[in-house]
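Letter by letter, the chains look like this.
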Amino acid sequence: MHTKVVYQGAKALARIGCEVLRFNFRGVGRSAGEWDKGQGELDDFRAAVDFLAARHPGLEIWAAGFSFGSYVALTAGARDDRICALAGIAPPVDRYDYAEVKRSTKPKFIIHGAEDELIPLKKVREFYAQLQEPKELVVIDRANHLFDGQTSEVGDALEDLLGDFSCTKL
C-alpha cells in the first residue's frame, strides 16, 4: 500500500472526491497471515469492502489495484454487486484467471506501461480486447512495471478517466 504507484493513485482518487481505502494483503508489512496465491487476498479485499460499505452506506464503490492487487480488485469487483466500476493498473493478465472480469459488464479502466518488463503490453491488449464494454485502456509511454519516474502520470490518468465518472451516469 506504500508503493509509489498506489500512493499516487490514492492521492489522485482523493483529489476527485473519492473516499479511498488502502490496505495491505495478508502477510504484507505488518499484516497477519501468509500469502495465499490470491484466494485469501480476495477474502481480504471483500473484508475491506465490507468495512467501507458499513462505514459509508450508499457510497458508490469502485475497485482499484496495482499489479497483483489489480488482479484481486478486478476479480473481487467483478463478483461483488456493491462494486460498480473496476480499475486495474499493470494487471498481471498472463499469470491469473480473469474469466469473471472478462464476462463483467461493469465499467473497466486499465492503465499500463508501454515498456512493462513483467507484463508485456501485447498481453494486456489481448486481454483488453476480450473485455466487455464499457472499457478504457490508457497506455503510458516509456513506463515500466513500477512506472519509475512516471507515477504522477498514473495519477493523472486516473483523474482523467474517473474525474467526472459516476456509475449512476451510465
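Each chain carries its own residue numbering, running from 1 in the direction its sequence is written. Given that this is a predicted model, residues contribute local features only at a pLDDT of at least 70 and side-chain atom pairs are listed and counted only at 80 or more, while totals for whole chains, interfaces and linings are drawn from all residues. By convention in this description, side-chain values take in all heavy atoms of the structure and omit both hydrogens and water.

Engineer: Any chance you could explain the overall build of the protein here in plain terms?
Structural biologist: Per the secondary structure count, the protein includes six helices and four strands. Under the DSSP-based scheme used, a helix requires at least four consecutive residues in state H or I and a strand at least two consecutive residues in state E, with every element numbered from the N terminus. Order of helices (α) and strands (β) in the protein, N terminus to C terminus: α-α-β-α-β-α-β-α-β-α. The C-alpha atoms of the protein give 15 Å as radius of gyration, which agrees with the globular expectation for 170 residues (15 Å, within 12%). Counting every position in the protein, which comprises 170 residues, the buried fraction comes to 47%. Two residues qualify as a contact provided that any one of their heavy atoms is within 4.5 Å of a heavy atom in the partner residue. Contacts in the protein between residues far apart in sequence, at least 24 positions, make up 58% of those at least 6 positions apart. Surface accessibility of the protein: about 8900 Å² in total, with carbon and sulfur atoms responsible for 48%. Our radius of gyration is a C-alpha quantity, and the globule rule it is checked against amounts to 2.2 Å times the number of residues to the power 0.38. In this scheme, a residue with accessible area under 20% of its type's maximum is buried, one over 50% is exposed, and one in between is partly exposed, where area comes from a 1.4 Å probe on protein chains only. For the area figures, the Shrake-Rupley method with a 1.4 Å probe applies, and any residue is considered shielded solely by the protein chains shown.

Engineer: How do you make sense of the nonpolar core when you look at a structure like this?
Structural biologist: Burial of nonpolar side chains together is a common tendency in soluble globular proteins. The nonpolar core is taken to be a set of buried Ala, Val, Leu, Ile, Met, Phe, Trp, Tyr and Cys residues, with the residues joined through side-chain atoms within 4.5 Å. Phe-45, Ile-83, Tyr-98, Val-101, Ile-110 and Phe-127 are the most contacted members of the largest nonpolar core, which has 24 residues in total. Those elements that provide at least two residues to this core are α2 (39-55), β1 (61-66), α3 (68-79), β2 (83-89) and α5 (121-130). Here Phe-127 is in contact with Val-93, Tyr-98, Val-101, Lys-102 and Ile-110, once residues within four sequence places are set aside. Grouped together as the second largest cluster of nonpolar side chains are 21 residues, Ile-111, Val-154, Leu-161 and Cys-167 included.

Engineer: Even after reading the chapter, I still don't get the environment of Gly-17, so can you show me in this structure?
Structural biologist: Within the secondary structure, Gly-17 sits in the loop between α1 (4-15) and α2. Expressed as a C-alpha distance, the spacing of Gly-17 and Gly-163, which sit 146 residues apart in the sequence, is 8.5 Å.

Engineer: Got a minute to help me understand a negative patch on the surface in this structure?
Structural biologist: Here the term patch refers to residues with relative accessible area over 30% and no salt bridge, with like charges joined within 9 Å and nonpolar side chains (Val, Leu, Ile, Met, Phe, Trp, Tyr) within 5 Å. By definition here, a salt bridge exists when the distance from a side-chain nitrogen of Lys or Arg to a carboxyl oxygen of Asp or Glu is within 4 Å. Asp and Glu count as negative and Lys and Arg as positive, but His and the ends of the chain are not part of the count. Charge placement uses NZ in Lys and CZ in Arg. For Asp and Glu, CG and CD serve respectively. Together, Glu-115, Asp-141, Glu-153, Asp-156 and Asp-160 make up a region of like negative charge exposed at the surface. Of note, Asp-160 is situated in helix α6 (residues 151-162). A relative accessible area of 65% places Asp-160 in the exposed class.

Engineer: Could you clarify how one ought to interpret α3 in this entry?
Structural biologist: Structurally, the α-helix is built with 3.6 residues per turn, so residues lying three or four positions apart point the same way. Between its first and last C-alpha atoms α3 spans 17 Å; for 12 residues at 1.5 Å apiece the expected length is 16 Å, and the two agree. Counted residue by residue, α3 has 11 buried out of 12 residues, so it is predominantly covered. Listing the buried residues of α3 in full gives Phe-68, Gly-69, Ser-70, Tyr-71, Val-72, Ala-73, Leu-74, Thr-75, Ala-76, Gly-77 and Ala-78. For α3, the secondary structure elements touched by its buried residues are α2, β1, β2, α4 (99-103) and β3 (108-113). Expected helix span is computed as 1.5 Å times (number of residues minus one).

Shape descriptors only; they carry no functional weight alone.
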